[in-house]
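Residues per chain, in single letters:
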Amino acid sequence: QLQLVESGGGSVQSGGSLRLSCGASGHTYSSYCMGWFRQAPGKEREGVAFIDSSGSTTYADSVKGRFTISQDNAKNTLYLQMNSLKPEDTAMYYCAATPRTWCPAPYGGLFGYWGQGTQVTVSS
């Protein structure tokens, strides 16, 4: 079964940058849509960025132009480069995957595989 492990979270000041990583193992399907979700206390989980097996990406409007999702298939690793961070970006960030050729709508219920999460805190 696919296992995902996030890393790279931490505390930064507003305007700073962080790079999150998600290592994948045990994958049994040839194609996955992979993405990042985030959830802050008291708020709904939201999709942040997604990438399919061909490298096609989609982003939430709130992070477009600031975040970049990428993948290194040779290393089985997913990345999220976060620049120009804002306090409202503070949340637990989760790596997720679904065995699909194309990414579905950004609903968490459509993703069956999840990492444990990594905390991102942005101070003003």
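None of these values were measured; they are calculated from a predicted model.

So, on to the layout of surface pockets. By volume, the largest pocket amounts to about 280 Å³. What lines the largest pocket is a set of 15 residues, among which Tyr32, Met34, Gln71, Asn73 and Asn76 lie closest to the centre. Elements with a minimum of two residues in the lining of the largest pocket: strand S7 (67-72) and strand S8 (77-82). The residue inventory of the lining of the largest pocket, partitioned by class, reads 6 nonpolar, 8 polar and 1 charged.

Next up on the list: the sheet that holds S7. In spatial order, the strands read S1-S3-S8-S7; together these 4 strands make up an open sheet with antiparallel pairing. Because the sheet does not close on itself, it has two edges, and the strands there are strand S1 (3-7) and S7. When strand polarity is set aside, the average angle formed by the axes of neighbouring strands in this sheet is 15 degrees.

Moving on: the nonpolar core. Counting residues in hydrophobic clusters, the biggest one holds 29 residues, and the most contacted among them are Leu4, Trp36, Leu80, Met82 and Tyr93. Excluding residues within four positions of it along the chain, methionine 82 makes contact with Gly16, Ser17, Leu18, Leu20, Arg66, Phe67, Tyr93 and Val120. Membership of the second largest hydrophobic core comes to 5 residues, among which are Cys33, Phe37, Phe50 and Phe111.

Right, let's get into the environment of glutamate 88. With respect to the helices and strands, glutamate 88 occurs in the loop between S8 and strand S9 (91-98). Overall, glutamate 88 belongs to the exposed group, its relative accessible area being 51%.

Scoring rules and cut-offs
- Residues numbered from 1 in each chain as written.
- Predicted model: local features only at pLDDT ≥ 70, side-chain atom pairs only at ≥ 80, totals over all residues.
- Heavy atoms only, no water.
- 1 Å grid on protein atoms, 1.4 Å probe; cavity = no way out; pocket = protein on both sides within 12 Å on 5 of 7 lines; lining within 4 Å.
- Points joined across faces, edges and corners; volume = space filled by probe spheres on them.
- Helix = DSSP H or I, 4+ residues; strand = E, 2+ residues; numbered from the N terminus.
- Nonpolar A, V, L, I, M, F, W, Y, C, P; charged D, E, K, R; others polar.
- Pairing = 2+ DSSP bridges.
- Axes fitted to C-alpha atoms, helices over the stretch in contact; angles between N-to-C directions.
- Core = buried A, V, L, I, M, F, W, Y, C linked by side-chain atoms within 4.5 Å.
- Buried < 20%, exposed > 50% of the residue type's maximum accessible area, 1.4 Å probe, protein only.
- Contact = heavy atoms within 4.5 Å.

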